[in-house]
Amino acid sequence: MSSLLRTLSLYHDRPYQNGGNQFSVNSPSHRALSNAKSSSPLSPFFPGVLSQKSSRKGMSSWKKWFFRCLIFFSLGFLLGMAPFGGYEDVKGRDFSFEENTMAKSAENDEGDVRNLLVVEAKGGEGLVVDKVELRVVEEKEVKERFDFVPRKQLIVVTPTYNRALQAYYLNRLGQVLRLVPPPLLWIVVEMNVASSETADILRKTGVMYRHLVTTKNLTDVKDKSVHQRNTALEHIENHKLDGVVYFADDDSIHSLELFESLREIRRFGTWPVAMLAQTWNKVELEGPVCNGSQVIGWHTNKSKGLRRFHIDMSGFAFNSTILWDPKRWQRPTSDPIRQLDTVKEGFQGTTFIEQVVEDESQMEGLPLGCSKILNWHLKLEARELFNPKASLLQKNLDA
């Protein structure tokens, strides 16, 4: 016993009694055992919540917190999974459902009538709900919903120059082109200088346009419009514009039906043109004689002499790819197609057409049978402008 007391006398922290003697024990093994008893088995997993030296009071509060969270979680899970009634319950309590095809059925753009679901509440107010139908839409139905029709681009070339009625002519032609469905490109060509007045008129028309200028010495020019058209042809060729080219003079009168017919041209199209004679007392007809869409003859104008093709410059149109894609049309040469200023007046049209087509078999008559006059060529110019004598002032007024 004395040896045991001698051994335990090294530790004095905790007193123990053995008979009449007291001794204390504070060994490392006792510390580890006491700490293990006081710590929770979940302390390694919740180091921020429980510490190894937590008190009994902290242990009880943690348990309360854990059980509360577990109860609320279980309650929420059960409420989320529990059903609160079905179609029959709602039908019997609050609403009455009647499924039918209403007389006021909605009709969509295709003309199909949709079935509607009528919901009548207790208050008597009716609610209309679209009936949902899941099905595979056929490819044919999808195509019928779109009314987009691809149209050929119209390239309208107009030479113009400074004269008394220029603004009137350009405004009139611009308003006609504004009514033509797009795509349409209006190429207006002036001599030497692009005037601001012409540019202002073109902007106000609302038509897509390009304003070009011909740089040519006027002393060497026999016909200004020939060089202006050549400038437009060169522009189309350089930029490879795709469409139907039509030479629309600003002093001519054009119908909307003419521009609608131009989009039907595949290579070269022509139609009869009515022209006012120089005597102003009769109308002359110039253009093709057709059997259906086939050109079989010509209305001739003897005043212009004998020509290969009796067509006015505003009486034909052609595919623009002929200018910059000779292989497609099997042209014998790749020389640029231009109007000639060296030929006799009235022969500019026929010499130009001879570069585009070989004969009448490559032409298309418009409209069917060439039975309508689609445009008029009227040469109405005010050669001299003067003011009445009564409107003249002897002296300038100060501003």
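Quick caveat, the model's predicted, so the values are computed rather than measured.

Rules of the game
Residues numbered from 1 in each chain as written. Predicted model: local features only at pLDDT ≥ 70, side-chain atom pairs only at ≥ 80, totals over all residues. Heavy atoms only, no water. Helix = DSSP H or I, 4+ residues; strand = E, 2+ residues; numbered from the N terminus. Buried < 20%, exposed > 50% of the residue type's maximum accessible area, 1.4 Å probe, protein only. Contact = heavy atoms within 4.5 Å. Areas by Shrake-Rupley, 256 points an atom, 1.4 Å probe, with all protein chains shown as cover. Patch = residues over 30% accessible without salt bridge, like charges linked within 9 Å, V, L, I, M, F, W, Y side chains within 5 Å. Salt bridge = Lys/Arg side-chain N within 4 Å of Asp/Glu carboxyl O. Pairing = 2+ DSSP bridges. Axes fitted to C-alpha atoms, helices over the stretch in contact; angles between N-to-C directions. UniProt positions renumbered as here; feature names shortened; annotations may be inferred. Phe/Tyr/Trp six-rings, centres within 6.5 Å; stacked < 30°, edge-to-face > 60°. Polar contact = N/O pair within 3.5 Å; in protein donor to acceptor, adjacent residues only side chain to side chain.

A. Representation of the overall build of the protein chain within the structure. Helix and strand content of the protein chain: eleven helices and 17 strands. Counting across all 399 residues of the protein chain, residues that qualify as buried make up 34%. A fraction of 62% describes how many contacts in the protein chain between residues 6 or more apart in sequence connect residues 24 or more apart. Surface summary for the protein chain: the accessible area is close to 27,000 Å², and the carbon and sulfur share equals 55%.

B. Inspection of a nonpolar patch on the surface at higher detail. Taken together, Ile253, Val283, Leu285, Ile373 and Trp376 make up a surface patch of nonpolar side chains, about 390 Å² in accessible area. Position of Trp376 among the secondary structure elements: in strand β17 (residues 375-377).

C. A look at the environment of Val357. Positionally, Val357 belongs in the loop between α11 (348-356) and β16 (364-365). With relative accessibility at 3%, the residue Val357 sits in the buried group. Expressed as a C-alpha distance, the spacing of Val357 and Arg331, which sit 26 residues apart in the sequence, is 8.8 Å. Among all residues touching Val357, those that are not within four sequence positions of it are Arg267, Phe268, Gln362 and Met363.

D. Just the sheet that holds strand β13 (residues 283-291), in detail. With mixed pairing, the five strands of this open sheet are ordered in space as β10-β17-β12-β13-β14. The outermost strands of the open sheet, each flanked by one partner alone, are β10 (252-254) and β14 (294-299). Strand-to-strand twist across the sheet, computed as the mean angle between neighbouring axes with direction ignored, equals 20 degrees. Of the strand pairs in this sheet, β10 and β17 are connected by three bridges, and their pairing is antiparallel. Each bridged residue has a counterpart across the sheet, and for His254 the counterpart in β17 is Asn375.

E. Region of the structure containing unusual backbone geometry. Of the consecutive residues Pro182 and Pro183, the connecting peptide bond is found in the cis state with omega at 5 degrees. Here the amide bond leading from Leu366 into Pro367 is cis, since omega sits at -20 degrees, within 30 degrees of zero. Residue placement: Pro367 occurs in the loop between β16 and β17.

F. Just the pattern of salt bridges, in detail. Evaluation of the coordinates by the stated rule reveals nine salt bridges. The residue Asp200 makes a salt bridge to Lys204 at a minimum N-O spacing of 3.2 Å. Taken as a pair, Asp200 and Lys204 lie in helix α7 (residues 196-205) at a separation of four residues, close to a single helical turn. You can call Asp200 partly exposed: its relative accessible area is 28%. Of the charged contacts in the structure, one is a salt bridge between Glu364 and Arg266, with a shortest N-O distance of 3.9 Å.

G. Molecular detail of the UniProt feature "site: Interaction with galactose moiety of substrate glycoprotein" (unreviewed entry) in the protein chain. What UniProt calls "site: Interaction with galactose moiety of substrate glycoprotein" (unreviewed entry) maps, in this numbering, to Glu286 and Asn387. Counting through the fold element by element, Glu286 comes out in strand β13. The residues contacting Glu286, other than those within four sequence positions of it, are Trp271, Pro272, Val273, Met275, His299, Asn301, Lys304, Arg307, His310, Ile311 and Asp312.

H. Seen up close, the packing of aromatic side chains. What the rule picks out here adds up to twelve aromatic pairs. Seen in terms of ring centroids, Phe247 and Phe316 are 6.0 Å apart; in terms of plane orientation they differ by 75 degrees. Their pairing is edge-to-face. Within this pair, whereas Phe247 is found in strand β9 (residues 244-247), its partner Phe316 is found in strand β15 (residues 316-319), the two being separated by 69 residues in sequence. Phe316 matches Phe247 in its accessibility class, with the two residues each being buried.

I. Summary view of the pairing of β13. Sheet topology places strand β12 (residues 273-276) next to β13; four bridges connect them, and they run antiparallel. If you follow Ala274 over to β13, its bridge partner there is Leu285. Following β12, the chain reverses through six residues before pairing antiparallel with β13; Trp280 in that reversal takes a positive phi of roughly 65 degrees. For β13 and β14, the ladder comprises five bridges, and the chain directions are antiparallel. Bridge pairing links Val289 to Gly297 in β14. Remark: two residues form the turn of the hairpin made by β13 and β14, two consecutive strands paired antiparallel; Gly292 in that turn has positive phi of roughly 75 degrees.

J. Quick peek at the side chain of His377. Within the secondary structure, His377 sits in strand β17. A polar atom in the side chain of His377 sits 3.4 Å from the side chain of Asp312. Setting aside chain neighbours within four positions, we find His377 in contact with Asp249, Asp251, Ser252, Val273, Ala274, Met275, Leu276 and Asp312.

K. Looking closely at the environment of Phe352. Relative to the helices and strands, Phe352 is located in helix α11. Classification of Phe352 as buried rests on a relative accessible area of 0%. Sequence spacing of Phe352 and Gln339 is 13 residues, and the spatial spacing of their C-alpha atoms is 5.4 Å. If near-sequence neighbours (up to four positions away) are discounted, Phe352 is found in contact with Leu233, Phe247, Phe316, Phe318, Ile337, Arg338 and Gln339.

L. A look at the side chain of Thr231. Of note, Thr231 is situated in helix α8 (residues 224-239). Apart from residues lying up to four places away in sequence, Thr231 is in contact with Val189, Leu212, Val213 and Thr214.

M. Seen up close, the sheet that holds β15. One open sheet accounts for seven strands, arranged β8-β7-β6-β9-β15-β11-β16; its pairing is mixed. Each edge of the sheet is formed by a strand with only one pairing partner; in this case those strands are β8 (209-214) and β16. Here strand β11 (residues 268-270) runs beside β16; their pairing, made up of two bridges, is parallel. Its bridge partner being in β16, Gly269 is matched across the sheet by Glu364. Taken strand by strand, α11 contacts β9, β11 and β15, and its axis lies near 25 degrees from that of β15.

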